[in-house]
Amino acid sequence: QVQLVESGGGLVQPGGSLRLSCAASGIIFNIYRMAWYRQAPGKQRELVAAITTDGSTNYADAVKGRFTISRDNAKNTVYLQMNSLKPEDTAVYYCNAKKQVVGVLLGVDYWGKGTLVTVSS
């Protein structure tokens, strides 16, 4: 049974920082591309950041230079360090896992239940 469990969300003031974590179980973590998505009220879910099995990363333009995604294969965990947070970063953040084979994403998407990040003064 695959489980992705996010933690680290909360209320933070503009300009502040948060670190999200996603602990995975039930998958061979090091063959999965891991990603963070977010969904703000009334908006579609969007990709925030992704990290491949070899550690390559990509980011949404809106978060480049402020957010950093990383992974610890020994702990089956992916992180999202969020700095210089803005009110528009307010959203539910979801962890995503998808199998990656020779650079190709295959199979089903696995999702966590999400963690709420609220940026407000």
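As a starting point, this report considers the structure included with it. If you're wondering where the values come from, they're calculated on a predicted model, not measured in any experiment.

Here is what the cut-offs are and how they apply
Residues numbered from 1 in each chain as written. Predicted model: local features only at pLDDT ≥ 70, side-chain atom pairs only at ≥ 80, totals over all residues. Heavy atoms only, no water. Helix = DSSP H or I, 4+ residues; strand = E, 2+ residues; numbered from the N terminus. Rg over C-alpha atoms; globule rule 2.2 N^0.38 Å. Contact = heavy atoms within 4.5 Å. Disulfide = S-S within 2.5 Å. Buried < 20%, exposed > 50% of the residue type's maximum accessible area, 1.4 Å probe, protein only. Pairing = 2+ DSSP bridges.

Some remarks on the overall build of the chain
Broken down by element type, the chain carries 0 helices and 11 strands. A globule of 121 residues ought to have a C-alpha radius of gyration of about 14 Å, and the chain, at 14 Å, matches this closely. Each principal axis of the C-alpha distribution contributes one length, and for the chain these read about 45 × 30 × 25 Å. Partitioning the contacts of the chain with sequence separation of at least 6, the portion at a separation of at least 24 is 56%.

Things to note about the state of the cysteines
With the rule as written, the count across this model stands at 1 disulfide. Here Cys 22 pairs with Cys 95 through a disulfide, and the sulfurs are 2.1 Å apart. Where Cys 22 bonds to Cys 95 through sulfur, the torsion about that S-S bond is close to -80°, and the disulfide is left-handed. Of the two residues, Cys 22 is situated in strand 3 (residues 18-25) and Cys 95 in strand 9 (residues 91-101); the sequence distance between them amounts to 73 residues.

A few points about the pairing of strand 9
Burial runs high along strand 9: 8 of the 11 residues are buried. Bridge count for strand 4 (residues 32-39) against strand 9 is 8 bridges, and the pairing is antiparallel. Of the residues in strand 9, the one forming a bridge with Arg 33 is Lys 98. Where strand 9 meets strand 11 (residues 115-119), 3 bridges bridge the pair, whose relative direction is antiparallel.

Digging into the environment of Pro 14
Within the element layout of this structure, Pro 14 appears in the loop between strand 2 (10-12) and strand 3. With residues near it in sequence (within four places) discarded, Pro 14 still touches Leu 85, Pro 87, Val 119, Ser 120 and Ser 121.

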